[in-house]
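Chain by chain, the residues run as shown.
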Amino acid sequence: MALLSFIARRLLQLIPTLAFILVVIFVLVRLLPGDPASAILGDRARDADVVRINAELGLDQPLPVQFLVFVKNIATGDFGNSIHLKVSVASLIADRLPVTLMLTIMAALIALVLSVPLAFVAATRRGRLADNAIRGSFQVGLSMPVFYVGLILLTVFGAQLHWFPVGGFGNGFFDQLYHLFLPALTLALSLAAILMRNLRAAIIGVVDAEYVDFARAKGLRSRVIMTRHVLRNALISTINLFGLQVGTLLGGAVITETVFAIPGAGRLMIESIYGRDYPVVQGLTLALAVVVSLTFLLTDILQAWLDPRVAQ
Amino acid sequence: MSAVTDTAFEPALSVKDLTTVFETPGGPVTAVDAVSFDVMPGEVLGLVGESGSGKSVTLRSLMRLVHAPGKVAGTVLWQGRDLLSMRERELRRVRGGKIAIIFQEPTTALNPVLTVRVQIEENLRAHTSLDGRQRRARAIELLDLVGIPAAERRLGDFPHQFSGGMKQRVMIAIALASNPRLLLADEPTTALDVTIQDQILKLILDLRDEFSMSVVFVTHDLGVVAQTCDRMAVMYAGRIVESGSVTEVFSEPHHPYTRGLLGSVPRGGAERTLLTSIEGTPPSLAAIPAGCAFHPRCDFAVERCIERRPALEAIAPGRMVACFRQADVAAEAAAT
Ligand SMILES: Nc1ncnc2c1ncn2[C@@H]1O[C@H](COP(=O)(O)OP(=O)(O)OP(=O)(O)O)[C@@H](O)[C@H]1O
Ligand code: SF4
Ligand SMILES: [Mg+2]
């Protein structure tokens, strides 16, 4: 009830957010160095050709008109065509974005699986050996750049031990999961460190709460106390942080895809920026922005579900 | 009704030398100092004393709810077994099932993210064999019992949807859920208005009569003590300084501190009265005066009070006092 109306309200908020994203992308793409015509024709293009291409792309129109056309096209699912790859941007996104999504979702799951139990152990053995060991190793993980971690994992588990492939994407769902494991782990480590630190502090803040004492006074099993009373409350702030970190995670995916030669949206983005393939940059940015907004939506809902006070 | 304090009965709870020390940066602080008392089946024991005298810490210590940097020593015998040394698994059966506690602060004692229903039913699940439907029925019954209107509809509500007084009632409902044999109630009626307060007190006394539940009742309200308690113990700076039947303590206090507390209570004690503030402030636990901790505020203090600490001694059956001049205090009280 309260939760449903919260979700409805939150969905409505998505409209202005998306409108804002459209404006920002429209402006940003036009601020990119270099113009599409010279990207297509090369630097020594004749002026007449540039004029012709600009007209074809609608770039000779006044900006407000260009914006309306831009919105209309997006609304109808038409993101234009890639300048270099000669295919529709929509089909490129449909091809590459799922790879990146799979990578980030896997990384997020690995980060959660690593951080939640370890945060728990660290918090309940506060100041003791286990706590220090966990925090120390995560600190190291946090201070190493993503590409460096990726290279180490690649060298050890790929090239030396041959446990995992050294790159590429594979065929079929499970083969793909297998190929994505090392990249996802690479991507997950720093997120896991951030989540661990936050959750550990949150758990420490909650275990001494009066309501946890009251739960103990009821004679509940410590497993029930720890999950229902402690973890659930502690996770509220961590979920929030998790949502905020998704953007960073997508950014990290760009690097990881490059290191591991994965044909995902991140790599496509880099190539398109270098190639000034502005329809692709524009479409991809939009798609990624939508993914991030949806993740915010999802974590907000999750948070409202965990904490009834949020939905009020 | 105080016939239940017959000494032929074994005490339900027997506390001996309960001592709770907190390690603080400024050195160890003794919040509860060698506290001993018995509670008989069906008896209501009032625990009174100024703010900071250690009443809440005493109740928490009994239930092993004090956490680091606090350390609890002594023995707490419940049906002949020591709660302080028993295994976690056995303690779990006692907590919430046999002994229940009502915390002082209703706003922080309820979990903000769980419905009232979950918080009541988890107690029932731990201590009764009721099935899901029976648990729900019992939860409604309990909310009804503590006077929450439209109990059935409020079952799915979260704590923030209740007022302070309502939260206190929810907490009482949770404590009473599994028919405990002993209720530790830490100022359970402070957030309630007078009518509801009377209703809750009556409920507790009814349960006492029906199931011969024992109660340790912490309160600032001497009127409530006079109205509901059989015996009382007065705490000062972590120690019990006087104890006895309510009638005896009210009519003839032997400790100057008790006398001060009772100062404003009209004879008969039926009026609702808060503790009078005694001149001076209670000592900081970090700097408890040597000798009798009360001496800086005591009109009766003599040389000896500064040098030695008076032990809690029996002056009559069931009557204990820790004061060198208790006889003079009582004599003066009788004279006025
Ligand atoms: N965790 C702790 N660490 C250090 N000192 C503590 C801790 N908990 C309680 N104390 C101290 O123990 C003393 C007794 O506190 P307690 O809460 O039992 O008083 P009280 O008699 O219940 O007072 P009130 O009437 O205000 O509820 C206080 O001086 C308090 O500062
Ligand atoms: S022992 Fe001395 S200081 Fe303490 S209460 Fe008695 S008379 Fe007062
Ligand atoms: Mg208290």
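Residues numbered from 1 in each chain as written. Chains lettered and ligands numbered in written order. Predicted model: local features only at pLDDT ≥ 70, side-chain atom pairs only at ≥ 80, totals over all residues. Heavy atoms only, no water.

- If you check an unreviewed UniProt entry, chain B appears there as ABC transporter ATP-binding protein from Jiella endophytica.
- Of chain B, the UniProt comment under Subcellular location (unreviewed entry) reads exactly: "Cell inner membrane".
- One UniProt comment on chain B, placed under Sequence similarities (unreviewed entry), says "Belongs to the ABC transporter superfamily." (UniProt positions renumbered as here; feature names shortened; annotations may be inferred.)

- Within an unreviewed UniProt entry, the label attached to chain A reads ABC transporter permease, and the organism entered is Jiella endophytica.
- Quoted verbatim from the Subcellular location (unreviewed entry) field of the UniProt record, the comment on chain A reads "Cell membrane".

1. Comments concerning the site of ligand 2
And step 1. H255(B), P256(B), C292(B), F294(B), H295(B), C298(B), F300(B), A301(B), C305(B), P310(B), C323(B) and F324(B) make up every residue found near ligand 2.
And step 2. Across the shell around ligand 2, the residue classes tally to ten nonpolar, two polar and no charged. (Near = heavy atom within 4 Å. Nonpolar A, V, L, I, M, F, W, Y, C, P; charged D, E, K, R; others polar.)

2. Overview of the interface of chain A and chain B
By a widespread convention, an interface's size corresponds to the accessible area lost as its parts come together.
And step 1. Taken residue by residue, the interface counts 21 residues in chain A and 29 residues in chain B.
And step 2. Surface buried jointly by chain A and chain B totals about 2,300 Å² across both partners, of which 58% is contributed by carbon and sulfur atoms.
And step 3. Across the contact surface, chain A and chain B share four salt bridges.
And step 4. Between E122(B) and R228(A) there is a salt bridge whose closest N-O contact spans 2.5 Å.
And step 5. Viewed at the interface, chain B and chain A are joined by 13 residue pairs in polar contact (both at pLDDT 80 or more).
And step 6. If you list the elements that add at least two residues to the side of chain A that touches chain B, you get α9 (210–217) and α10 (222–259) of chain A.
And step 7. Per-element tally for the side of chain A that touches chain B: the top contributor is α9(A), with six residues.
And step 8. A class-by-class count of the residues in the side of chain A that touches chain B yields seven nonpolar, four polar and ten charged. (Contact = heavy atoms within 4.5 Å. Buried area = accessible area lost by both parts, 1.4 Å probe. Salt bridge = Lys/Arg side-chain N within 4 Å of Asp/Glu carboxyl O. Polar contact = N/O pair within 3.5 Å; in protein donor to acceptor, adjacent residues only side chain to side chain. Helix = DSSP H or I, 4+ residues; strand = E, 2+ residues; numbered from the N terminus.)

3. Section: the sheet that holds strand β12 (residues 319–321) of chain B
Residue and element names in this part refer to chain B.
And step 1. Spatially, eight strands are ordered β6-β7-β8-β3-β9-β10-β12-β11 in an open sheet, and the strand pairing comes out mixed. With one partner strand each, in any of the chains shown, β6 (99–102) and β11 (313–316) form the two edges of the open sheet. In this sheet, adjacent strand axes meet at a mean angle of 20° when their direction is disregarded.
And step 2. Bridging between strand β7 (residues 182–186) and strand β8 (residues 214–218) involves five bridges; their strand directions are parallel. Looking across to β8, one finds that D186 is bridged to V218.
And step 3. Contacts between helix α8 (residues 194–211) and the sheet are confined to β3 (44–48), β7 and β8, with β8 contributing the most and set at about 150° to the helix. (Pairing = 2+ DSSP bridges. Axes fitted to C-alpha atoms, helices over the stretch in contact; angles between N-to-C directions.)

4. Regarding the packing of helix α5 (residues 89–124) of chain A against helix α8 (residues 173–207) of chain A
Residue and element names in this part refer to chain A.
And step 1. For the pair α5 and α8, the least separation of the axes is 4 Å and the interaxial angle reads 40°. By the angle class used here, α5 and α8 are oblique. α5 and α8 meet at a crossing whose hand is right-handed. (Parallel < 35°, antiparallel > 145°, perpendicular 65-115°, else oblique. Left-handed = near helix turned anticlockwise from the far one by under 90°.)

5. Remarks on the sheet that holds strand β5 (residues 81–82) of chain B
Residues and elements named next belong to chain B.
And step 1. With antiparallel pairing, the four strands of this open sheet are ordered in space as β2-β1-β4-β5. The outermost strands of the open sheet, each flanked by one partner alone, are β2 (27–39) and β5.
And step 2. Relative to β5, strand β4 (residues 70–78) is paired through two bridges, and the arrangement is antiparallel. Paired with L77 across the two strands is D82, which belongs to β5.
And step 3. Sitting on the sheet, helix α1 (residues 55–62) is in contact with β1 (13–24), β2 and β4, with an inclination near 110° to β1.

6. Let's talk about the environment of P106(B)
And step 1. As for its placement among the helices and strands, P106(B) is situated in helix α3 (residues 106–109).
And step 2. Ignoring any residue separated from it by four or fewer positions in sequence, one finds P106(B) in contact with G164(B), K167(B), Q168(B) and M171(B).

7. A word on the UniProt feature "domain: ABC transporter" (unreviewed entry) in chain B
And step 1. Per the UniProt record, "domain: ABC transporter" (unreviewed entry) is found at residues 13–262 of chain B.
And step 2. For residues 13–262 of chain B, helix accounts for 40% and strand for 27%, while the C-alpha atoms at its two ends are 27 Å apart.

8. Examining unusual backbone geometry
Residue and element names in this part refer to chain B.
And step 1. A cis amide bond links A68 to the next residue, P69, at an omega of 5°.
And step 2. Mapped onto the elements, P69 comes out in the loop between α1 and β4.
And step 3. Not every positive phi belongs to a glycine, and R64 is a case in point at roughly 55°.
And step 4. Of note, A150 is a non-glycine position whose phi angle comes to about 50°, a positive value.
And step 5. Structurally, A150 is set in the loop between α5 (132–145) and α6 (151–154).
And step 6. Look at A150 and you get partly exposed, because its relative accessible area is 40%. (Buried < 20%, exposed > 50% of the residue type's maximum accessible area, 1.4 Å probe, protein only.)

9. Regarding the site of ligand 1
All names here are of chain B.
And step 1. Taken together, the neighbourhood of ligand 1 is formed by 14 residues, with S51, G52, K55, S56 and Q104 sitting nearest.
And step 2. Here V57 contributes a backbone N or O atom positioned 2.8 Å from an oxygen atom of ligand 1.
And step 3. In the environment of ligand 1, an oxygen atom lies 3.3 Å from a nitrogen or oxygen atom belonging to the side chain of H220.
And step 4. Here ligand 1 has 640 Å² of accessible area as a free molecule, and 66% of this is covered by the chains.
And step 5. The element contributing the most residues to the shell around ligand 1 is α1, with three residues.
And step 6. Partitioned by chemical class, the residues of the shell around ligand 1 number four nonpolar, seven polar and three charged. (Areas by Shrake-Rupley, 256 points an atom, 1.4 Å probe, with all protein chains shown as cover.)

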